[in-house]
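Architecture at a glance
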Amino acid sequence: MSPTPSPPLVDRFGRRVSYLRISITDRCDFRCVYCMSEDMQFLPRSQVLTLEEIQQIARAFVALGVDKIRITGGEPLVRRGVTGLFRGLGTLPGLEELTLTTNGSQLARHAPALRAAGVRRINISLDSLRPERFRHITRQGELQRVLDGIDAALAAGMERVKINSVILKGRNADEIIDLVEFCRARDMDISFIEEMPLGVNADHDRAEVFYSSDQVRADIQARYRLIPTTESTGGPSRYFRLDDGPTRIGFISPHSHNFCVDCNRVRLTAEGRLLLCLGQEHSVDLRQVVREYPGDSRALTRAIVEAMQIKPQGHTFDLSAKPVILRHMSVTGG
Ligand code: SAM
Ligand code: SF4
């Protein structure tokens, strides 16, 4: 019997890459304090991948065994034509999961079309349930629109809606229980995220506002029994369950619990840079490949397979040092 060929997208450390996150725009209608500066310079349109180029790259990845794609940004739902992109991606043979991370502001009008395109799970960012505070953290967001977006996602029949909350000491750490209860009342999951040092942050000293996942967990455990699970979504979240319902509580802890050994993902930035690690600069310019060899799937496939050779072992985040990664999360595609 001939040996089974090894899957094509495996890096030097034996990690299989099966998950692609695509940032389809660096633009956003919010300016969250941990993600962007107040006066962001966005990319000129010519430097951003067209929707057709994104489709082409996604198709190449799926042909190489990637079975999960998450669309993110920036705010993906501010990009014109986004539902057409979802419809196209939803038909890729072999793609098992097509999902989205959004700030929720435009979700009320897009949720039914996303569901119809095959999106079954969705992550929505929400750091505060207090309108004033929400506006401060997002600098320009309106809480009610996001709450309407969450309702619309549930009403559209999404099978899993997960809230993402970045917790900062002195800003929203006193809302951890409120956020858990908000999700519990709607049978939604929630992940608490430690702030990552991406881009220069003029708003606050990241080490000062650092609130670890262990602290968040202790706050929740003062009120609820948390049952550890071995569940995984193939990502960095460690999950617990509340003992009285389906809500899962995840912790994304790049500082306190390094998640790199199980890394199964790569990221495509809005300008077509394939980033091999969230916390390092190793990348390959796929825009150049698709523009130089239009329609040539072999050149693209070769570039992607070769890129696996430079996927680094892990990130080296250090809150006390100057950020070494100068791109913001909105550029990286969080
Ligand atoms: N605009 C969408 C949203 O906010 O959900 C998608 C893009 S956003 C960059 C994706 C996720 O990254 C959000 O949940 C956001 O809270 C998180 N994020 C942004 N900057 C971060 C940082 N410096 N550290 C940790 N998480 C961050
Ligand atoms: Fe926009 Fe999302 Fe960044 Fe907030 S976290 S500024 S919503 S991209």
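Sequence order as written defines the numbering, with residues in each chain counted from 1. Chains carry letters from A onward and ligands carry numbers from 1 onward, assigned in written order. Given that this is a predicted model, residues contribute local features only at a pLDDT of at least 70 and side-chain atom pairs are listed and counted only at 80 or more, while totals for whole chains, interfaces and linings are drawn from all residues. For side-chain calculations, the full set of non-hydrogen atoms in the structure is used, while hydrogens and water are omitted.

1. Here we look at the packing of helix α6 (residues 176-185) against helix α7 (residues 213-221)
- α7 packs onto α6 with a crossing angle of 70° between their chain directions and a minimal axis gap of 9 Å. If you check the angle between α6 and α7, you find them roughly perpendicular. Relative to α7, the crossing made by α6 is right-handed. Together, Ile176, Ile177 and Val180 of α6 and Val216, Asp219 and Ile220 of α7 make up the contact between the two elements. Here the axes come from fitting lines to C-alpha atoms, over the contacting stretch only for helices, and the angles between their N-to-C directions go from 0 to 180 degrees. By the criteria applied, helices consist of DSSP H or I runs no shorter than four residues and strands consist of E runs no shorter than two, each listed in order from the N terminus. Roughly parallel covers angles under 35 degrees, roughly antiparallel covers those over 145, roughly perpendicular covers 65 to 115, and oblique covers all other angles. Note: crossing handedness is left-handed where the near helix turns anticlockwise from the far helix by less than a right angle, and right-handed where it turns clockwise. Contacts were defined at the residue level, with two residues in contact if any of their heavy atoms lie within 4.5 Å.

2. Thoughts on the packing of aromatic side chains
- For Phe, Tyr and Trp, where Trp contributes only its six-membered ring, two rings pair if their centres lie within 6.5 Å, and the inter-plane angle classes them as stacked under 30 degrees, edge-to-face over 60, or tilted in between. Under the counting rule described, the total for this entry stands at 3 aromatic pairs.
- Between the aromatic rings of Phe30 and Phe134, the centroid separation amounts to 5.9 Å while the plane-to-plane angle is 85°, which identifies the pairing as edge-to-face. Residue Phe30 is found in the loop between β1 (19-23) and α1 (51-63), and its partner Phe134 is found in helix α4 (residues 131-138); the two are separated by 104 residues along the sequence.
- Relative to Phe251, the ring of Phe192 lies with its centre 6.2 Å away and its plane at 25°, an arrangement referred to as stacked. With a gap of 59 residues between them, Phe192 in strand β6 (residues 189-193) and Phe251 in strand β9 (residues 248-252) connect regions that are remote in the sequence.
- To sort residues, take the accessible area from a 1.4 Å probe on protein chains only and compare it with the maximum for the residue type: under 20% means buried, over 50% means exposed, and anything in between is partly exposed. A relative accessible area of 1% means that Phe192 is categorised as buried.
- Among the residues examined, Phe251 registers a relative accessible area of 0% and is labelled buried.
- Of the aromatic side chains, those joined through ring pairs into one cluster are Phe192, Phe240 and Phe251.
- Sitting over a ring, as applied to charges here, requires NZ of Lys or CZ of Arg to be within 6 Å of the ring centre and within 35 degrees of the ring normal. Sitting over the face of the ring of Tyr239, Arg248 holds its NZ or CZ atom 4.9 Å from the ring centroid.

3. Looking at the site of ligand 1
- Taken together, 18 residues lie near ligand 1, and Tyr34, Gly74, Thr102, Ser125 and Met196 sit nearest.
- Within 3.5 Å is the distance limit for a polar contact, defined as a pair of N or O atoms, with the added protein rule that one can donate a hydrogen and the other accept it, and that residues adjacent in sequence qualify only through two side-chain atoms. Backbone polar atom of Gly74 to a nitrogen atom of ligand 1: 3.0 Å apart, as the coordinates give it.
- In this structure, Ser125 approaches ligand 1 through a side-chain N or O atom, which is 2.5 Å from an oxygen atom.
- The method behind every accessible area is Shrake-Rupley, applied with a 1.4 Å probe, and residues are considered shielded solely by the protein chains displayed. Protein burial of ligand 1: of its 550 Å² of free accessible surface, 96% is covered by the chains.
- Contributing elements (two or more residues each) for the shell around ligand 1: β3 (97-102) and β5 (160-166). Definition of nearness: a residue and a molecule or strand are near each other if at least one heavy atom of the residue lies within 4 Å of the molecule or strand.

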